[in-house]
Amino acid sequence: GGWNHGRPHYVAGSIALSNCFRVKKRHIMISTTRTRLALTLSLTITASSIAAQEHWPQFRGPTMNATVADNPALPELWSETENVEWVADVPGLGWSSPVVWDQHVFLTTVTAEGEFEQPKPGLYAPRGRPEPPPLKHEWRVYCLDLATGNIRWQRSVRAGQPDFPRHMKNTYASETPTTDGERVYVRFGDLGLYTFDMEGRELWRVEIPDKRTRSEWGSASSPVLHEGKLIILYDNEEASWIAALDVTTGTELWRTNRDEVSSWATPYIWENEQRTEIVTSGVNRIRSYDLDGNLLWEMDGQMSWATIATPFSSHGMVYINSGYFRDQHRPAYAIRPGASGDISLRGDAHSNDYVAWYQPTAGNYNTSPLVYGDTYYSLLDRGFFEAYDATTGEPVYGRQRIRVGASFTSSPWAYNGKVFALSEQGDTYVMRAGPEFEVLGVNSLNEMAMASPAIVGNRLLIRTRSRVYSIRK
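Residues numbered from 1 in each chain as written. Predicted model: local features only at pLDDT ≥ 70, side-chain atom pairs only at ≥ 80, totals over all residues. Heavy atoms only, no water.

Draft legend 1. Expanded view of the nonpolar core. Membership of the largest hydrophobic core comes to 45 residues, with the highest contact counts inside it found for Trp78, Trp413 and Tyr415. The element best represented in this core is strand E29 (residues 418-422), accounting for four residues. Beyond its immediate sequence surroundings of up to four residues, Trp413 is in contact with Ala66, Trp78, Leu370, Lys418, Val419, Phe420, Leu422, Thr428, Pro453, Ile455 and Leu460. (Core = buried A, V, L, I, M, F, W, Y, C linked by side-chain atoms within 4.5 Å. Buried < 20%, exposed > 50% of the residue type's maximum accessible area, 1.4 Å probe, protein only. Helix = DSSP H or I, 4+ residues; strand = E, 2+ residues; numbered from the N terminus. Contact = heavy atoms within 4.5 Å.)

Written as structure tokens, this is what we have:
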């Protein structure tokens, strides 16, 4: 999710379909076998005890905290040719992250006939272009073979000229797909949702009428799965909402309206010791819902002007932040389970019964943070790195420059005692995890990159502007 995806980038309803959803059923296949869910429990465990990932089913992996167990077979050094198992060329433009189930690698892209403004690294053009490119586009879903990179299948879901804008650094394929091993669910922003079985047969689609987004940035919030429900968040400038769809038919199960402006954060399914809840980050309020769309708790986090970073959990808490680079207040929060009602901090307080800790300037802009071991790492888009104690919020070390000129949208990941950060310039900086900041090396692919990688088995999958790399020793 999100311009990374993961990027910009966005009361229980009746069983009847909302007017906002127009469902076209195509060869609906209702499985009689038990759904193999991809999402794993976010238990109170440290990164070192997380089992090796067999699947990478959604943005930032099963727990949305992109850390995996130490594995000496995972690559720590690579280039365009070194430790490269295969390279797959991907036409068009898309910042969606690859997701993996068994031997299936899914990703999205949008091609265009003719020349249009290409994205470039760094911060620029605070407002997007109000007019979409006047070219014929084609929205595509790809399934690659994990072992070879060969195309298993590719499908076109729409062709034509878009009638909604986007930021020129964003794409029309920035939302990351999700899969449960029976189906793959794809959201193309202001276009709709498309569901395929593992062999590429379209099962159903749901059109989502586009809404105006702040500064014409477009959308980026990715779908997430939980026990037969597909959760969609669409925060915009006209009518924001969160909804659940039935995974087999696309039927809307419930919808909750949100008093919210545009945001680009993917929602997070938080399975904690007390219950399962849907945590959302927004500019106006941080909110959590039960599995029927009812509000559980909320807080005025005095969030940043742009909310993009995705919530995630570790150490029994959920972490939520936002950090638009021009704002003085860029907050990060750690929330304990069991909250209800309004849990906003009062006055100068930095904690309360449910807010375990708060840091006023630890928030991220485009990237999502990371907890590895007992440390909370914050990667800033302008190339700075910070570390905090994950349980107390106390600083471990202050702001450190990774490299002058490096900019970041892709979210970091970690294994083998190291934290990896992929820059927009295509360079992955390898940093030592722990109490002291140290850059150990740089792995370059020499092409712009904004998608977050996938980690499965002994492989690291990195998507750049035009390619997907399988990195493997």
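Draft legend 2. Region of interest: the confidence of the model for the chain. For the chain, the mean per-residue pLDDT works out to 89, and 89% of the residues sit at or above 70. Contacts from residues 1-51, a stretch scored under 50 in pLDDT, to residues over four places away or in other chains number 202 contacts. (pLDDT = per-residue confidence, 0-100.)

Draft legend 3. Examining the sheet that holds strand E22 (residues 341-342) more closely. Strand order across the open sheet formed by five strands is E15-E16-E17-E18-E22, with mixed pairing between neighbours. Both outer strands of the open sheet, strand E15 (268-271) and E22, are each paired with one neighbouring strand and no more. The sheet contact formed by strand E17 (residues 286-289) and strand E18 (residues 295-299) spans four bridges and is antiparallel. By the bridge assignment for E18, Ile286 is matched with Met299. (Pairing = 2+ DSSP bridges.)

Draft legend 4. Highlighting the pattern of salt bridges. Following the criterion strictly, the structure yields 21 salt bridges and no others. Among the salt bridges present, the one from Arg472 reaches Glu85, with a minimum N-O distance of 2.9 Å. Of this pair, Arg472 sits in the segment after strand E34 (467-471) while Glu85 is found in strand E2 (residues 84-89), placing the two residues 387 residues apart along the sequence. Judged by its relative accessible area of 30%, Arg472 falls in the partly exposed class. Its relative accessible area of 30% is what places Glu85 among the partly exposed residues. (Salt bridge = Lys/Arg side-chain N within 4 Å of Asp/Glu carboxyl O.)

Draft legend 5. Representation of the packing of aromatic side chains. In the structure shown here, the tally under the stated rule is 26 aromatic pairs. Judged by centre distance (6.0 Å) and plane angle (50°), the rings of Trp139 and Tyr172 are tilted. With a gap of 33 residues between them, Trp139 in strand E5 (residues 137-145) and Tyr172 in the loop between strand E6 (151-160) and strand E7 (178-179) connect regions that are remote in the sequence. Residue classification places Tyr172 among the buried residues on the basis of a relative accessible area of 6%. Judged by centre distance (6.5 Å) and plane angle (50°), the rings of Tyr185 and Trp204 are tilted. Of this pair, Tyr185 sits in strand E8 (residues 183-188) while Trp204 is found in strand E10 (residues 202-207), placing the two residues 19 residues apart along the sequence. An aromatic cluster is defined as three or more aromatic residues linked by ring pairs; in this entry it consists of Trp217, Trp264, Trp305, Tyr324, Phe325 and Tyr365. (Phe/Tyr/Trp six-rings, centres within 6.5 Å; stacked < 30°, edge-to-face > 60°.)

Draft legend 6. A look at the sheet that holds E29. With antiparallel pairing, the four strands of this open sheet are ordered in space as E28-E29-E30-E31. The sheet is open, and its two borders are formed by strand E28 (413-415) and strand E31 (439-444), each paired with just one other strand. Neighbour-to-neighbour, the strand axes of this sheet turn through a mean angle of 25°, independent of strand direction. (Axes fitted to C-alpha atoms, helices over the stretch in contact; angles between N-to-C directions.)

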